[in-house]
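# Observations on chain architecture
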Amino acid sequence: MTAWVVRPSVESDWVAYRALRLEMLEDTPLAFLETLETARRHPEEHWRRRAGNTSESSRLFAAVDDDGRWLGTMGGFHASGSPDPHLVGVYVTPAFRGREHGMADALLEAVVAWARPRSGRLLLEVHEHNAAAIRYYQRHGFAFTGRTQPYPLDRSTLEREMAVAL
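Right, let's walk through the structure included here.

What follows deals with the pattern of salt bridges. Where side chains of opposite charge bring their charged atoms close, a pairing between them can arise. Per the stated rule, a full pass over the model turns up seven salt bridges. Of the charged contacts, one joins arginine 7 and aspartate 13 as a salt bridge, the two residues approaching to 2.8 Å between their closest N and O atoms. The class of arginine 7 is partly exposed, set by a relative accessible area of 27%. Arginine 48 serves as the salt-bridge partner of glutamate 44, at 2.6 Å between the closest nitrogen and oxygen. Of this pair, glutamate 44 and arginine 48 are both found in helix 3 (residues 44–51), four residues apart, which corresponds to roughly one turn of the helix. Overall, the relative accessible area of 25% leaves arginine 48 in the partly exposed class. Look at the salt bridges and you will find they share partners, linking Glu11, Glu44 and Arg48 into a network.

Structure follows, in structure tokens:
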């Protein structure tokens, strides 16, 4: 059994973050708003900035093993002018998926703790065909709000908004 902890990312995590982000985009492309090809072209500064949590309006959490390898990630983003923060960048590497590992739950707890002082609810957008993610969110109290928007990488499909009270 691999030991892991959940912690906020820091700029020096950029190589591990980049590796997991590329894995994410290859494994579950419909869950993210970027293509693998686009991500591969980002310069080092992009990865450093994303891993560095340099903004008060966002926080990235990682599940990290003893060797520093990222096994999962979730982030929170609170856009200026928006009353509610959003859950973003949700991913757990396949070997650590499932309730028995508890990794997704630990990551979600970290984002909820970050979001709670900012608002009374947490929002997310999920692709309409991402059934596993929808089931996970519903198990954790998220419900559809009725809002939808076209998925930017395939405008013939939808992203559906979900929310949970904090």
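Turning next to the nonpolar core. Ranked by internal contacts, the top residues of the largest apolar core, which has 25 residues, are Leu87, Leu122, Tyr137 and Phe142. Among the elements of the structure, strand 2 (58–65), strand 3 (70–77), strand 4 (86–92), helix 4 (103–115), strand 5 (121–127), helix 5 (131–139) and strand 7 (154–165) are those that each provide at least two residues to this core. With eight residues, the single largest contributor to this core is helix 4. Dropping the residues within four chain positions of it, leucine 87 is found in contact with Met74, Gly75, Leu108, Val111, Leu122, Leu123, Leu124, Tyr137 and Phe142.

Under the counting rule described, the total for this entry stands at four aromatic pairs. Ring pairs connect the aromatic residues Tyr17, Trp47 and Trp70, which therefore count as one cluster. The ring of phenylalanine 144 carries arginine 160 above its face, with NZ or CZ at 3.5 Å from the centroid.

What counts, and at which threshold
Residues numbered from 1 in each chain as written. Predicted model: local features only at pLDDT ≥ 70, side-chain atom pairs only at ≥ 80, totals over all residues. Heavy atoms only, no water. Salt bridge = Lys/Arg side-chain N within 4 Å of Asp/Glu carboxyl O. Buried < 20%, exposed > 50% of the residue type's maximum accessible area, 1.4 Å probe, protein only. Helix = DSSP H or I, 4+ residues; strand = E, 2+ residues; numbered from the N terminus. Core = buried A, V, L, I, M, F, W, Y, C linked by side-chain atoms within 4.5 Å. Contact = heavy atoms within 4.5 Å. Phe/Tyr/Trp six-rings, centres within 6.5 Å; stacked < 30°, edge-to-face > 60°. Lys NZ or Arg CZ within 6 Å of the ring centre and 35° of its normal.

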